[in-house]
Amino acid sequence: MKKILLSYVQPIMVLGILLFWAIGPAAWIKSSWSVVVATLLTTAFIQALEWVNERHSSWRLTKREFFTDVFYVTLSYTVISWLTAKLADEPLGMVKQSLGISTAWAMHLPFVVQVALVIVLVEFGQYWMHRLMHNQAFFWSTHAPHHHITQLNAMKGAVGNPIELFLISLSVVAVFDLPQAAVFCAINILAVISTFAHANTRFDPPRWYAFVFTTIQHHSLHHSTGYEQTRSNYGNSLILLDRIFGTYSDGEAELVGQDDRRRLSIPEQFLFPAQPLVGRLKARRRREGVTKVAGWSTHWIPRDTRTQERRLTRLMKTMTWLAVALGTGTAQAGAPATPTEQVQTVPGFADFLAVDGDTIWATNVGRVEQWSRHGKRAEVAVAHPCGAMAVAYRSLWVANCKDQTLDRIDLKSARITAVIPTGIANPKGELNVVAGAGSIWVASDAKGTIARVDPATNRVTASVQTNPDAFYLAFGLGSLWAVSGTQQTLQKIDPASNRVVTTTPLGREPGFLVAGEGAVWVQEQGDGTLARVDPVSGAVSGRVKVDETLKYGDIDAGGGKVWLRTTAGQTFVVVDPASLAIKARVGTAAGSGALRYTRAGVWTTAHNAHTLSWWPDPAAIGR
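Parameters and conventions
Residues numbered from 1 in each chain as written. Predicted model: local features only at pLDDT ≥ 70, side-chain atom pairs only at ≥ 80, totals over all residues. Heavy atoms only, no water. Pairing = 2+ DSSP bridges. Helix = DSSP H or I, 4+ residues; strand = E, 2+ residues; numbered from the N terminus. Axes fitted to C-alpha atoms, helices over the stretch in contact; angles between N-to-C directions. Core = buried A, V, L, I, M, F, W, Y, C linked by side-chain atoms within 4.5 Å. Buried < 20%, exposed > 50% of the residue type's maximum accessible area, 1.4 Å probe, protein only. Contact = heavy atoms within 4.5 Å. 1 Å grid on protein atoms, 1.4 Å probe; cavity = no way out; pocket = protein on both sides within 12 Å on 5 of 7 lines; lining within 4 Å. Points joined across faces, edges and corners; volume = space filled by probe spheres on them. Nonpolar A, V, L, I, M, F, W, Y, C, P; charged D, E, K, R; others polar. Polar contact = N/O pair within 3.5 Å; in protein donor to acceptor, adjacent residues only side chain to side chain. Salt bridge = Lys/Arg side-chain N within 4 Å of Asp/Glu carboxyl O. Patch = residues over 30% accessible without salt bridge, like charges linked within 9 Å, V, L, I, M, F, W, Y side chains within 5 Å. Areas by Shrake-Rupley, 256 points an atom, 1.4 Å probe, with all protein chains shown as cover. Phe/Tyr/Trp six-rings, centres within 6.5 Å; stacked < 30°, edge-to-face > 60°.

Caption draft 1: Summary view of the sheet that holds strand β9 (residues 395–400). With antiparallel pairing, four strands are arranged side by side in an open sheet as β8-β9-β10-β11. The open sheet is flanked by β8 (385–392) and β11 (415–420), the only strands paired with a single partner. Strand-to-strand twist across the sheet, computed as the mean angle between neighbouring axes with direction ignored, equals 25 degrees. Across five bridges, the pairing between strand β10 (residues 405–410) and β11 is antiparallel. Bridge pairing links aspartate 407 to valine 419 in β11.

Caption draft 2: The nonpolar core, seen in detail. With 47 residues, the main nonpolar core has Leu490, Leu513 and Leu530 as its most contacted residues. For leucine 490, the contacting residues outside a window of four places in its chain are Trp481, Ala482, Val483, Thr502, Thr503, Thr504, Leu506, Leu513, Val520, Val522 and Val533. If you look at the next biggest cluster of nonpolar residues, it comprises 42 residues, including Val9, Ile46, Leu117 and Val183.

Caption draft 3: Region of interest: the environment of arginine 207. With respect to the helices and strands, the residue arginine 207 is situated in helix α10 (residues 207–212). Between the C-alpha atoms of arginine 207 and serine 7, which are 200 residues apart in sequence, the distance is 9.8 Å.

Caption draft 4: Region of interest: the sheet that holds strand β13 (residues 439–445). Taken in spatial order, the four strands of this open sheet run β12-β13-β14-β15, and their pairing is antiparallel. A single partner strand is all that each edge strand has here, and the edge strands are β12 (433–436) and β15 (459–465). In this sheet, neighbouring strand axes are inclined to one another by 30 degrees on average, regardless of whether the strands run parallel or antiparallel. Strand direction decides the pairing type here: β13 and strand β14 (residues 449–454), joined by five bridges, are antiparallel. Across the sheet, residue valine 442 finds its bridge partner in β14, namely alanine 451.

Caption draft 5: The arrangement of empty space enclosed by the protein in detail. The tally for this structure, following the rule as stated, stands at two cavities of 30 Å³ or more. Volume-wise, the largest cavity comes out at about 70 Å³. In terms of lining residues, the largest cavity is bounded by Glu65, Thr68, Asp69, His148, Ile149, Thr150, Lys156, Val159, Arg263, Leu264 and Gln269. For the lining of the largest cavity, the residue count by class is three nonpolar, four polar and four charged.

Caption draft 6: Main features of the side chain of histidine 146. Here histidine 146 shows up in helix α7 (residues 137–147). A residue is classified by how much of its surface remains accessible, and histidine 146, at 5% relative accessible area, is buried. For histidine 146, the side chain forms a polar contact with the main-chain oxygen of valine 159, separated by 2.7 Å. Not counting residues within four places of it along the chain, the set of residues in contact with histidine 146 comprises Lys156, Gly157, Val159, Gly160, Glu164, His198, His219 and His223.

Caption draft 7: Broad picture of the layout of surface pockets. In this structure, the second largest pocket spans a volume of roughly 550 Å³. What lines the second largest pocket is a set of 24 residues, among which Ile29, Lys30, Asp356, Arg394 and Leu411 lie closest to the centre. Elements represented by at least two residues in the lining of the second largest pocket include exactly α2 (9–23), α3 (26–29), α6 (111–133), α9 (180–198) and β8. Residue classes in the lining of the second largest pocket are distributed as 13 nonpolar, six polar and five charged.

Caption draft 8: Geometry of the environment of glutamate 90. Note on placement: glutamate 90 falls in helix α5 (residues 63–99). Distance in space between the C-alpha atoms of glutamate 90 and alanine 600 is 9.3 Å, their sequence separation being 510 residues.

Caption draft 9: Spotlight on the pattern of salt bridges. Tallied over the entire structure, the rule returns 18 salt bridges. Arginine 55 is the partner of glutamate 252 in a salt bridge, and the nearest nitrogen-oxygen pair spans 2.7 Å. Remark: arginine 55 occurs in the loop between α4 (32–52) and α5 and glutamate 252 occurs in the loop between α13 (240–245) and α14 (266–271); sequence separation between them is 197 residues. Of the charged contacts in the structure, one is a salt bridge between glutamate 65 and lysine 156, with a shortest N-O distance of 2.9 Å. Residue glutamate 65 is located in helix α5, and its partner lysine 156 is located in the loop between α7 and α8 (162–168); the two are separated by 91 residues in the primary sequence.

Caption draft 10: Summary view of the side chain of glutamine 523. Counting through the fold element by element, glutamine 523 comes out in strand β21 (residues 519–524). Discounting chain neighbours no more than four positions away, the residues touching glutamine 523 are Glu509, Pro510, Gly511, Phe512, Thr529, Leu530, Leu550, Gly553, Asp554, Ile555, Leu564 and Arg565.

Caption draft 11: Layout of a nonpolar patch on the surface. A cluster of nonpolar side chains, contributed by Val120, Phe124, Trp128, Ile244 and Phe245, occupies part of the molecular surface with about 460 Å² of accessible area. Counting only elements with at least two residues in the nonpolar patch, the list comes to α6 and α13. Per-element tally for the nonpolar patch: the top contributor is α6, with three residues. Under the relative-accessibility criterion, isoleucine 244 is labelled exposed at 55%.

Caption draft 12: The arrangement of the packing of aromatic side chains in detail. Counting across every chain of the model gives 25 aromatic pairs. Between phenylalanine 20 and tryptophan 21 the ring centres are 5.0 Å apart and the planes differ by 80 degrees, which places this aromatic pair in the edge-to-face class. What makes tryptophan 21 buried here is its relative accessible area of 1%. Aromatic side chains tyrosine 472 and phenylalanine 512 sit 4.9 Å apart centroid to centroid with 75 degrees between the ring planes, which places their arrangement in the edge-to-face category. Residue tyrosine 472 is found in strand β16 (residues 472–476), and its partner phenylalanine 512 is found in strand β20 (residues 510–516); the two are separated by 40 residues along the sequence. For the pair formed by tyrosine 472 and phenylalanine 512, the shared burial category is buried. Through a chain of ring-to-ring contacts, three or more aromatic side chains come together here, namely Phe124, Tyr127, Trp128, Tyr234 and Phe245.

Have a look at this one:
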């Protein structure tokens, strides 16, 4: 029984990851940090399993191996990840946009199919890149350091020459229109499968799993010392591709490594592709110390290994600092003062926005519309959609000012699935629908009542009493926040008790707000200022003057910045949350409109100009 239970550890983890990304809290699955945290946690868990049920004592993790592995994992999540985004994914996305490529059909696939599509796209590219690396001299020189590892452990998949790590990370996923959650889920699943395929664990999965996915048996054979065995089982996570393309081999190996199984240091791994050149130069100078390795190249093995490793370490430090300096300088010199605005014409009166993965929903006259960067995707009739909307529980939640209802729209079918008679506090439409603490919240009357709706039953389960005219809501930092423009207050509501716990006096005509980046941020529209409020004490901890007025703009937070849609002087302003310094004023004055931040770009509307704009690379804006 124990053996059977242990064999299902891997399938259970894959299923758990799939369920997390499919039904997890919206705030988590839409955050790019979630995939990093989830992947690191699963890796750490698998690493811990090596101590529970070890496969080979000869692979037992040492302190030296552990810190080397941690170094490469850190490298992969920072430098390699950044290079892949900047040199591959973003250029591919621009090519897609310039050619007008659209795969809207992919957005309407079942979630499981979307995840499977990403896995196949990534693995298909990695399979052929991996196969190329074993069959062409230069590419092998980048990949060989990974085969010089002399034991397998959970983090060993990240160990290798940086050129190889970059090449193996390339994919065409950026060409496809897919929800962010599906992409993150696939990345997380691939990481778990690959981690188990390198781990020193004896958790052999069932045959049906091993028929499709790569296991430690398959991959240990690929890492064995035999030449022919290394030219099989190329699938990093999908061994099914090897079965299809005739490169599958059955078996397992404990003895892994290359040549004399000498473990390479980090500097040697970094410089390995240059070893033929180094060897020739050394041979010319000394005519000694040159040895044939790997059957294709000359690999210099110095007589005084320790002295040479110290030299290589110093050289690597110098190269690293030089690369950082050059990269920083290039980024600063190359960063445009104003990002390129990508504009789409939207007939009608496009106003409030809600992010849905790679697309955006906008309110319009008699309808809400879903837009991508390449055009309109869907349209749903709503009598009078008003105020900021919320995306949660696979639905779009819209205040309907005409019918005084909260309308629920299914994101996949683009159909109204529930009409909830909550009442709407501000018939002019300046208000927010927000999601948090397992509920949907909307201001339901001008007396200060906020309706709490259960998304499971589509019923109002509680009414929260706040100051009159508390139309503006935000949920974040564990609380619901409500602003009353007429009373000039911000109130903090505890979702556990549905009671107001703090009240903060504000400046003239406060309006839209956001809770994030460590504080609550409120537009004091009449004063043209942005107020920063401490989420614990409720005290105003700082203000910054932005414009003469901030009336009828919008606000969001993310990426270490606060983003304000303004109505005069520029399209939006970027504020540093720590110093309150204005880091950038972007675009030209575009009148009233909305704004929403995503990691990939910032969306803005200008309803009087009938436009929807996309501002790419928010990390570079105000840097």
